[in-house]
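# Descriptive structure summary
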Amino acid sequence: MANANAPIGLRPYRRTNGEQYNGSANVYYVPSSVASNIFVGDPVTYLTAAADANGIPAVTPATAGSSNNVLGSVVGIVSAGEPVIAVTRDLPIYHQASTAGYILVSDDPDLLYEVQENGNMGAQAPNRNVNLVAGSGSTVTGLSGWQLNSSTLNTTSTLQMRVIRMLQQADNVAGTNAKWLCRINLNALTSATGV
């Protein structure tokens, strides 16, 4: 059975100690200088030395490739004007480019994320590292198009994600477009270098 090609970016799955992901996230600011849409599942990282007037750290989409830190993944869009989660109105499904606003980011360094690969890393991928590859998000579903870049699988410490194990579910088998549980290897929160 072939795997479905349905990238979702980085979807929080559980913590490394086995606890299920409980939906926890922190609010981050996206300044209008960010010129690309941001989708649920997109990896983000800190914007160098930037925050809003209340000291909420600013983020920008992560850059795919070696040595590029990742803070976490987007799990929700808050609003275009205030860092308060409104529960009485419809919220946008993605953050529009060049618009100041706020997003929710799953930024726990101990999270494992479900991520689809863009090729075939094979069943022996666990405990190796791999980079991310950017993909186009959907303005219809609001979901990310980011994936694991299968061709970068290696033991190199400067790769962005650590492959932990294959996602164990009936519709996922080793092969092209397999889904993996991964931990952020180059984590912006735990990096010794500030921004």
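Everything below is about the structure printed above this text.
Residues numbered from 1 in each chain as written. Predicted model: local features only at pLDDT ≥ 70, side-chain atom pairs only at ≥ 80, totals over all residues. Heavy atoms only, no water.

The next thing to look at is the overall build of the chain. Summing up its helical and strand segments, the chain has zero helices and 14 strands in all. In sequence order, the secondary structure elements of the chain are arranged as β-β-β-β-β-β-β-β-β-β-β-β-β-β. For 195 residues, the compact-globule estimate of 2.2 N^0.38 gives 16 Å, and the C-alpha radius of gyration of the chain, at 16 Å, lies within 12% of that figure. Taken over the C-alpha atoms alone, the chain extends approximately 45 × 35 × 30 Å along its principal axes. Evaluated residue by residue, the chain yields a buried proportion of 45% over its 195 residues. For the chain, restricting intrachain contacts to residue pairs at least 6 apart in sequence, the fraction spanning at least 24 positions comes to 75%. With the model as given, the accessible surface of the chain reaches about 9000 Å², and the carbon-plus-sulfur share is 48%. Placing the 9 positive and 11 negative side-chain charges of the chain at their respective mean positions leaves the two points 10 Å apart. (Helix = DSSP H or I, 4+ residues; strand = E, 2+ residues; numbered from the N terminus. Rg over C-alpha atoms; globule rule 2.2 N^0.38 Å. Buried < 20%, exposed > 50% of the residue type's maximum accessible area, 1.4 Å probe, protein only. Contact = heavy atoms within 4.5 Å. Areas by Shrake-Rupley, 256 points an atom, 1.4 Å probe, with all protein chains shown as cover. Lys, Arg positive; Asp, Glu negative; His and termini not counted. Charge placed at Lys NZ, Arg CZ, Asp CG, Glu CD.)

Right, let's get into the sheet that holds strand β9 (residues 111-116). With antiparallel pairing, the five strands of this open sheet are ordered in space as β1-β9-β14-β13-β10. Two strands lie at the open edges of the sheet, namely β1 (11-15) and β10 (129-130), each paired on one side alone. Looking at chain direction, β10 and strand β13 (residues 161-166) are connected through two bridges and run antiparallel. Across the sheet, residue Val130 finds its bridge partner in β13, namely Met161. (Pairing = 2+ DSSP bridges.)

Next up on the list: the pairing of β13. Sheet topology places β13 next to strand β14 (residues 179-184); five bridges connect them, and they run antiparallel. Looking at β14, one finds that Arg165 is bridged to Leu181.

Moving on, we come to the pattern of salt bridges. Enumeration according to the criterion identifies four salt bridges in this entry. We note a salt bridge from Asp110 to Arg15, for which the minimum N-O separation is 3.4 Å. Within this pair, whereas Asp110 is found in the loop between β8 (101-106) and β9, its partner Arg15 is found in strand β1, the two being separated by 95 residues in sequence. Given a relative accessible area of 29%, Asp110 falls into the partly exposed group. Note on Arg15: relative accessible area 22%, which makes it partly exposed. (Salt bridge = Lys/Arg side-chain N within 4 Å of Asp/Glu carboxyl O.)

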